[in-house]
Amino acid sequence: MGRYDRYILAQLMVLFGFFSLVLVSVYWIEAAIDLFDALIADGQNLSVFLEFTALSLPEIMLMVLPVSSFVATLYVFNRMINESELVVLQTAGLSAARLLRPVFLFGMMLTILVLILANVLAPAARGQYNDRRAEVGEDVTGRFLREGQFIHPADGLTVYIREITELGEFRDLFLQDASADTVEVTYTATTALLVRSETGPRLVMFDGMAQSLDRETGRLSTVQFADFTYDIGALIADGGTRRLDARELSTLTLIFADETLAEALRDPLADVLYEGHDRIGRALFVMFPPLIAAATLMLGHFSRFGVWRQILIAVVLIVPLQVVWNWSEATATRDPSLWPLAYLQAGLAAAITLALLVLAGLSRRRRSGLMRHIRAVPA
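This is a predicted model, so every value here is computed, not measured.

Rules used in this analysis
- Residues numbered from 1 in each chain as written.
- Predicted model: local features only at pLDDT ≥ 70, side-chain atom pairs only at ≥ 80, totals over all residues.
- Heavy atoms only, no water.
- Helix = DSSP H or I, 4+ residues; strand = E, 2+ residues; numbered from the N terminus.
- Buried < 20%, exposed > 50% of the residue type's maximum accessible area, 1.4 Å probe, protein only.
- Contact = heavy atoms within 4.5 Å.
- Pairing = 2+ DSSP bridges.
- Core = buried A, V, L, I, M, F, W, Y, C linked by side-chain atoms within 4.5 Å.
- Salt bridge = Lys/Arg side-chain N within 4 Å of Asp/Glu carboxyl O.
- pLDDT = per-residue confidence, 0-100.
- Polar contact = N/O pair within 3.5 Å; in protein donor to acceptor, adjacent residues only side chain to side chain.

## Comments concerning the overall build of the protein chain
In terms of regular secondary structure, the protein chain is built from 13 helices and 6 strands. The 379 residues of the protein chain split such that 42% are buried. Within the protein chain, residue pairs in contact and separated by at least 24 positions form 62% of the contacts whose partners lie at least 6 positions apart.

Laid out in structure tokens, this is it:
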């Protein structure tokens, strides 16, 4: 690469990293708030929360990379125009295609990065996320064992534990089971332990009493026991099933999916095929926002009022591309044969880039002809 290519690439990479960090942080905080409410309210600790938010980063990066690369390119070329660097380069004879070469290289690097993210890191992170989600759903300890609080781990169930020792022993346990329509049972025990069995977790209570209230007759029956085992396997019925997710499968598996795989995923075949092709389509698309930004700014010329018109045009050109992606997804997921629409956004972005490149070349030749005409006019 020449000195100009290295100069532009260095600025693009620095600003791209900065804007990516800002946008990822914003999206990460938004996702972290929802995860924090779900996990901490479920009794999980901070390490589980950090693990889940880290596993969501690849998908967040896939969303923000096109935006951050577009903004970084706008910033770099806007500064070059304001400081007359671009004018000097154009006067030196560099064509529009030559000026865009480092931006094209930058776009190719983004494509490789998104290919790795979309086809390797994001599926692996999604698989790990789903595995941990299932494990957390089966973890009764987090949502069942909190001392000094009345908690409701399931509908109709109320639990209070005065103290939990370092050895995991419960002291002064209160448990009320009102899940049945006709009978309400209240258990109290001096001590209790949570143990695991082949059929699920069980609560073993010692030195306690069970009070059964018949709601129809109002009759109360009490039974004292030395030890009693209560099956709390029903508490994890909601989170115990591990459903296979299309987002954790490899791209090749999704591209060549059939009805059998779609039934196993419990998703329409059109959704599965589009998911696979969209990973490649997004990687192809990400190279074009920087090119569109740079080519659009080349349409203008130096002005004391800036190039805000060209910046606005670049934004107006990018926004419909997102609308095209939304329409393609909504249409392609209705019919398995429409999976080529996953590449429509990238194809349209390539056409816009080519048109802008042609217009930038014409604009440069027009300005060069005007300058020669001005020099030819006698003073």
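## So, the pairing of strand 2 (residues 157–164)
For strand 1 (residues 150–154) and strand 2, the ladder comprises 3 bridges, and the chain directions are antiparallel. If you follow I151 over to strand 2, its bridge partner there is V159. Linking strand 1 to strand 2, which pair antiparallel, is a turn of 2 residues; within it G156 sits at a positive phi near 80 degrees. Sheet topology places strand 2 next to strand 3 (residues 170–177); 7 bridges connect them, and they run antiparallel. Within the sheet, the bridge partner assigned to E163 lies in strand 3 and is R171. Counting the residues between successive antiparallel strands, the hairpin from strand 2 to strand 3 contains 5 residues, one of them, G168, with a positive phi of roughly 85 degrees.

## What to know about the nonpolar core
Within the largest apolar cluster, 50 residues are counted, with the highest numbers of intra-cluster contacts made by Y4, F77 and M298. Per-element accounting of this core gives the leading share, 9 residues, to helix 3 (residues 57–82). Each residue touching F77, except ones within four places of it in the same chain, is listed here: Y4, I8, L86, L99, V103, A294, L297 and M298.

## Observations concerning the pattern of salt bridges
Any two side chains of opposite charge can pair, on the condition that their charged atoms come close. Counted under the stated rule, the structure contains 13 salt bridges. In this structure, R126 and E59 form a salt bridge, with 3.0 Å as the shortest nitrogen-oxygen distance. In this pair, R126 sits in helix 6 (residues 101–138) while E59 sits in helix 3, placing the two residues 67 residues apart along the sequence. Its salt-bridge partner being E184, residue R215 comes within 3.3 Å of it at the nearest N-O pair.

## Concerning unusual backbone geometry
One non-glycine residue with positive phi stands out, namely D172, at about 60 degrees. What makes D172 partly exposed here is its relative accessible area of 35%.

## Describing the confidence of the model for the protein chain
Per-residue confidence for the protein chain gives a mean pLDDT of 83; residues scoring 70 or more make up 84%. When pLDDT is averaged over each helix and strand of the protein chain, the minimum, 56, is found for helix 7 (residues 140–144) and the maximum, 93, for helix 10 (residues 269–285). Here residues 368–377 is modelled with pLDDT under 50, and outside its nearest four sequence neighbours on either side it reaches 0 contacts, counting other chains as well.

## Focus on helix 11 (residues 288–297)
Among the 10 residues of helix 11, 10 are classified as buried, and the element is accordingly described as predominantly covered. Here helix 11 has its buried residues at F288, P289, P290, L291, I292, A293, A294, A295, T296 and L297.

## Things to note about the side chain of T186
Secondary-structure assignment places T186 in strand 4 (residues 183–197). The buried category is assigned to T186, whose relative accessible area is 11%. Here the side chain of T186 touches Q176 through a polar contact of 3.5 Å, side chain to side chain.

## Focus: the environment of R202
Tracing the backbone shows R202 in strand 5 (residues 200–214). Residue classification places R202 among the partly exposed residues on the basis of a relative accessible area of 26%. C-alpha of R202 to C-alpha of D231: the two residues are 29 residues apart in sequence and 4.7 Å apart in space. Setting aside its immediate chain neighbours within four residues, R202 contacts L193, L194, V195, S197, T229, Y230, D231 and I232.

## A look at the side chain of S328
Its location among the elements puts S328 in helix 12 (residues 308–332). The residues contacting S328, other than those within four sequence positions of it, are Y274, L341 and L344.

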